[in-house]
Amino acid sequence: MFLGLDSSTQSLSALIIDPTLGTIVHEQSVNFGKDLPSYQSPSGFLPGGKNGEVHADPRMWMEALDLLLSRVAETFDLSQVSAIASSGQQHGSVYLDETFYERLAQLDPARSLPEQIAPALTRATSPIWMDTSTSAQCQQIALALGGNDEVCRRSGSVAIERFTGPQIRRFYQNDPAAYDRTAIIHLVSSFIGSLLAGKDIPIDHGDGAGMNLLNLHRLDWDDDLLEATAPGLRSKLPLPAASATLAGPISPYFAAKFGFPEFCEIVLSTGDNPSSLVGMGATQPGTFVISLGTSDTFFAAMAEPVTDPQGFGHVFGNPAGGFMSLICFRNGSLAREALRDQLGLDWADFDSAGLAQTPAGNHGQVLLPFFGPEITPRRDFEGPVRNFSADAPAPVQVRALLEGQFLNMRLHSQWLGESPSLIRLTGGASQNDGIAQLIANIFQAPVERFAVANGAALGAALRAASACGEDLAELTATFCQPATGSQLQPDPALAPVYQDALRRYQDLLQLGVEARP
Ligand SMILES: Nc1ncnc2c1ncn2[C@@H]1O[C@H](COP(=O)(O)OP(=O)(O)O)[C@@H](O)[C@H]1O
Ligand SMILES: O=C(CO)[C@@H](O)[C@H](O)COP(=O)(O)O
C-alpha cells in the first residue's frame with residue numbers, strides 16, 4: 001500500500017491506496033486551525049502580518065505530522081505501507097542551521113518532532129505563498145538579470161513576490177546574521193519529506209520551479225539567479241532532482257513510533273498543485289484542472305513550455321515529466337468564506353440563495369473579487385470594487401463574487417491559447433455544486449469531480465506507487481475516475497451572456513490601475 005501526504009495551507013492530510021484492489025483504503029486529516037489552536041492560526045497562517053508579510057509557524061507543521069500519523073495508526077496498520085510521497089503548499093520556506101542534519105539522524109521516538117527539530121530553526125516563522133512583502137526584492141532580482149523577460153526565460157516566471165528566491169533575499173537583507181547561520185533552506189514539501197527520510201532530501205523539479213531559482217532548460221539552480229538572490233545560496237539549497245526519485249528508507253523515528261516497516265521508501269515530495277495534476281489524472285495535455293483550496297488555481301500539463309507575456313502565469317515541472325502551466329488566485333476560498341460570514345450564510349445557503357435566486361450575468365452587476373491583496377492580477381487591497389450598491393441583496397452579492405472569481409480566471413488564462421474542453425475540479429470548494437456548475441457555464445466546458453476532494457493527497461499516493469514500479473497510466477486509469485453522475489455540462493445558451501459579462505469585468509478591472517509584476 002502507498003501513503004500520500006498533503007501539507008496544504010489549512011490542513012495536513014493522509015490518503016492510502018491499495019493498487020491491487022484499486023481502492024482508497026484510508027483517509028485522515030488534521031486541520032491546523034481547529035486541531036492545533038495553540039498556534040493561533042485559524043486559517044493555517046499567523047494573522048495580522050505587516051507590510052504584506054504572511055507567515056506560518058513550522059512547529060505547527062511538525063506537530064501536525066506527529067498528530068496525523070498517530071490518528072492514522074489508531075485504526076490502520078501502517079506496517080502495510082511500502083512507500084510514502086508528500087506534497088506541500090508551494091513557495092513556503094523553512095530555514096535551518098547545521099544541527100538540522102544531526103537532529104534528523106538522531107530523532108528519538110519518545111519525544112515530539114517540534115521539540116527536537118525546532119531548535120535548529122534560524123527563522124522562527126516561515127513565509128508562505130500568501131506573502132506579498134517582496135516587491136523591492138523582485139525588482140532587484142529582475143534588474144540584476146537584465147529584466148523580467150530574462151528571469152522568466154530562465155525560471156518560467158517573472159520575479160514573483162511569493163516565490164522563494166525573493167523571500168530568501170528579503171530574509172538575507174533584513175537579518176544577515178540569521179541568513180549566515182542558515183545551513184539549509186527547504187520548501188514546505190521537501191521539509192516534510194526530509195523529516196520522513198531522517199535526512200536532507202532534494203527539491204523536486206515540480207516545486208523547485210516555484211522559487212525563481214531553477215533554470216528550467218538545465219534543471220539545475222541558475223548561478224545568475226542565485227547570485228542576484230543572496231550570497232552563498234547554492235550551498236544552502238538541497239540539490240534539485242526529478243520528482244520520481246527515491247530518497248531512501250523511512251527514518252527509524254517513524255518506524256518505531258507509528259509502525260511503518262523499516263524498508264518503507266520515501267519518494268521526493270512535490271508542490272500541492274503538481275501533485276494534484278497527477279491525482280486528477282491530468283499529466284497529459286488536454287485536461288485542465290481547477291483547484292479550489294485556500295487559493296484557486298488553474299493548471300494543465302504543457303506540450304511545450306509557454307510563458308505568460310503578462311507575467312501572472314507560471315511554468316512548473318510536471319511530476320510525470322515535462323512541464324505544466326499554473327495560474328494562482330490568492331482570493332479563493334478565504335474570500336468566499338469572508339462574504340459567507342459577512343452575510344451570515346452557510347455553504348448550502350451560499351449556493352442555493354446566491355446562485356439559485358439570481359440569473360447568469362447578474363443583470364450586469366459585477367464585482368472585482370479581491371477581499372485581500374491579489375496576485376492575478378497584482379492588486380494591493382483597496383476594498384471591494386463593484387458597479388452596484390454595497391447594500392445589494394445577499395444573492396446578488398454572492399453571484400457577483402463567484403462570477404467575478406471565475407471571469408477573472410477565464411480572463412487570466414487566455415495566454416494559454418486554448419479554451420479548456422474538459423475541466424476537473426479538486427479542493428475543498430469543489431464539493432459545492434453551484435460553484436461547479438458556474439465554472440462549467442463560464443468556461444463553456446464540461447466539469448468533472450472525483451469522489452475524493454483532495455487531489456493533491458491522491459496524487460502523492462499515486463506518485464509513491466509509481467516510483468516503486470507501478471504503472472502510472474494504469475494507476476490513473478484506476479484511481480482518477482469521475483464519481484458516477486459527477487459530470488456537469490455547460491448551458492450553451494449562456495455562452496453569449498458570459499462573453500458580455502467578461503467584457504464588463506474587463507472594463508471594471510481597467511478602471512483601476514492594473515499593477516504588473
Ligand atoms: N461546500 C463548500 N462550498 C464552498 N467552499 C467550501 C465548501 N467546503 C469547504 N470549502 C472551502 O474549502 C477550503 C479548504 O479547502 P482545502 O482544499 O482543504 O484547502 P487547502 O488545501 O488550501 O488547505 C475552506 O477554506 C472552505 O472555505
Ligand atoms: O501559491 C500557490 C501556487 O503557486 C498556491 O496554490 C499554494 O500552493 C497553496 O495551495 P492551497 O493550499 O491553496 O492548495
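Residues numbered from 1 in each chain as written. Chains lettered and ligands numbered in written order. Predicted model: local features only at pLDDT ≥ 70, side-chain atom pairs only at ≥ 80, totals over all residues. Heavy atoms only, no water.

The name given to the protein in an unreviewed UniProt entry is Xylulokinase, with Haloferula luteola as the source organism. Regarding the protein, the UniProt comment filed under Sequence similarities (unreviewed entry) reads as follows: "Belongs to the FGGY kinase family." (UniProt positions renumbered as here; feature names shortened; annotations may be inferred.)

Asks: Break down the site of ligand 1 for me, citing the residues and quoting the values.
Replies: The environment of ligand 1 is made up of 13 residues, and the closest members are Ser-8, Gln-10, Thr-294, Glu-337 and Gly-428. At 2.9 Å, a backbone N or O of Gln-10 approaches an oxygen atom of ligand 1. Within the side chain of Thr-294, one N or O atom sits 2.5 Å away from an oxygen atom of ligand 1. Burial of ligand 1 by the protein amounts to 79% of the accessible area it has alone, namely 580 Å². Of all the cavities here, the one that holds ligand 1 is the largest pocket. Taken together, the residues of the shell around ligand 1 sort by class into two nonpolar, ten polar and one charged. In terms of domain composition, the shell around ligand 1 takes at least three residues from each of domain 1 (2-273) and domain 2 (281-449 + 487-517). (Near = heavy atom within 4 Å. Polar contact = N/O pair within 3.5 Å; in protein donor to acceptor, adjacent residues only side chain to side chain. Areas by Shrake-Rupley, 256 points an atom, 1.4 Å probe, with all protein chains shown as cover. 1 Å grid on protein atoms, 1.4 Å probe; cavity = no way out; pocket = protein on both sides within 12 Å on 5 of 7 lines; lining within 4 Å. Sits in = over half its atoms within 2 Å of the grid points. Nonpolar A, V, L, I, M, F, W, Y, C, P; charged D, E, K, R; others polar. Domains from an automatic or database assignment.)

Asks: Explain helix α18 (residues 455-467) to me, and be specific about the residues and the numbers.
Replies: With 13 residues, α18 should cover 18 Å at 1.5 Å per step; its first-to-last C-alpha distance of 18 Å lies within 8% of that length. Across the 13 residues that make up α18, a large majority, twelve, are buried. Buried within α18 we find Gly-455, Ala-456, Ala-457, Leu-458, Gly-459, Ala-460, Ala-461, Leu-462, Arg-463, Ala-464, Ala-465 and Ala-467. The opening residue of α18, the one whose side-chain oxygen lies 3.2 Å from the backbone nitrogen of Ala-456, is Asn-454. Of the residues flanking the end of α18, it is Gly-469, one or two places downstream, whose phi is positive at about 110°. (Helix = DSSP H or I, 4+ residues; strand = E, 2+ residues; numbered from the N terminus. Expected span 1.5 Å × (residues − 1). Buried < 20%, exposed > 50% of the residue type's maximum accessible area, 1.4 Å probe, protein only.)

Asks: Help me get a handle on the packing of aromatic side chains, residues and values and all.
Replies: According to the stated counting rule, one finds ten aromatic pairs in the structure shown. Aromatic pair Phe-288 and Phe-298: ring centres 5.4 Å apart, planes at 40°, arrangement tilted. Of this pair, Phe-288 sits in strand β16 (residues 288-292) while Phe-298 is found in strand β17 (residues 296-302), placing the two residues ten residues apart along the sequence. The class for Phe-298 is buried, based on a relative accessible area of 1%. When the ring centre of Trp-347 is taken as reference, the NZ or CZ atom of Arg-340 above it lies at 4.5 Å. Geometry around Phe-388 places Arg-386 over its ring, the cationic atom sitting 5.7 Å from the centre. (Phe/Tyr/Trp six-rings, centres within 6.5 Å; stacked < 30°, edge-to-face > 60°. Lys NZ or Arg CZ within 6 Å of the ring centre and 35° of its normal.)

Asks: Got a sec to walk through the packing of helix α14 (residues 333-342) against helix α16 (residues 394-411)? Specific residues and values, please.
Replies: The interhelical angle for the contact between α14 and α16, taken along N-to-C directions, is 170°, at an axis separation of 10 Å. The pairing of α14 with α16 is recorded here as roughly antiparallel in orientation. Contact with α14, carried on its side by Ala-335, Arg-336 and Leu-339, involves Gln-397, Val-398, Leu-401, Leu-402, Gln-405 and Phe-406 of α16 and no other residues of that element. By residue class, the composition of the contact of α14 with α16 is six nonpolar, two polar and one charged. (Axes fitted to C-alpha atoms, helices over the stretch in contact; angles between N-to-C directions. Parallel < 35°, antiparallel > 145°, perpendicular 65-115°, else oblique. Contact = heavy atoms within 4.5 Å.)

Asks: Describe the site of ligand 2, naming the residues involved and giving the relevant values.
Replies: In the vicinity of ligand 2, 15 residues are found, and the nearest of them are Thr-9, His-91, Arg-162, Asp-272 and Ser-295. Ser-295 places a polar side-chain atom, nitrogen or oxygen, 2.7 Å from an oxygen atom of ligand 2. Considered on its own, ligand 2 offers 380 Å² of accessible surface; in the complex 97% of this is hidden by protein. Among the detected pockets, ligand 2 sits in the largest pocket. Listing elements by their share of the shell around ligand 2, those giving two or more residues are α13 (272-279) and β19 (323-329). Looking at the shell around ligand 2 residue by residue, the class counts come to three nonpolar, ten polar and two charged. Two domains each donate at least three residues to the shell around ligand 2, and these are domain 1 (2-273) and domain 2 (281-449 + 487-517).

Asks: Describe the packing of α16 against helix α17 (residues 433-443), with residues and values.
Replies: A pair of packed helices is characterised by two quantities: the angle between their axes and the separation of those axes. At their nearest, the axes of α16 and α17 sit 10 Å apart, and the two run at 45° to each other. Of the possible angle classes, the one that applies to α16 and α17 is oblique. Relative to α17, the crossing made by α16 is right-handed. On α17, the residues touching Arg-399, Leu-402, Glu-403, Phe-406, Leu-407, Met-409 and Arg-410 of α16 are Ile-435, Leu-438, Ile-439, Ile-442 and Phe-443. Tallied by class, the residues present in the contact of α16 with α17 amount to nine nonpolar, no polar and three charged. (Left-handed = near helix turned anticlockwise from the far one by under 90°.)

Asks: Could you give an account of the environment of Ser-243, with specific residues and numbers?
Replies: Checked against the element boundaries, Ser-243 lands in the loop between β12 (240-241) and β13 (246-249). Along the backbone, Ser-243 and Asp-200 are 43 residues apart, and their C-alpha atoms lie at a distance of 15 Å. Discounting residues that sit within four places of it in the chain, Ser-243 has contacts with Asp-204, His-205, Gly-206, Val-267, Leu-268, Pro-319 and Arg-463.

Asks: Break down the domain arrangement of the protein for me, citing the residues and quoting the values.
Replies: Assigned domains within the protein: domain 1 (2-273) and domain 2 (281-449 + 487-517). Between the C-alpha centres of domain 1 and domain 2 there is a distance of 27 Å. Regarding the contact of domain 1 and domain 2, the summed buried area is about 2100 Å², with carbon and sulfur atoms giving 60% of it. For the interface between domain 1 and domain 2, the tally reads one salt bridge. The closest approach of N and O atoms between Arg-378 and Glu-161, which form a salt bridge, is 3.1 Å. Where domain 1 packs against domain 2, one counts seven residue pairs in polar contact (both at pLDDT 80 or more). Mapped onto the side of domain 1 that touches domain 2, the elements with two or more residues apiece are α6 (148-155) and α10 (205-208). With three residues, the top contributor of residues to the side of domain 1 that touches domain 2 is α6. (Buried area = accessible area lost by both parts, 1.4 Å probe. Salt bridge = Lys/Arg side-chain N within 4 Å of Asp/Glu carboxyl O.)

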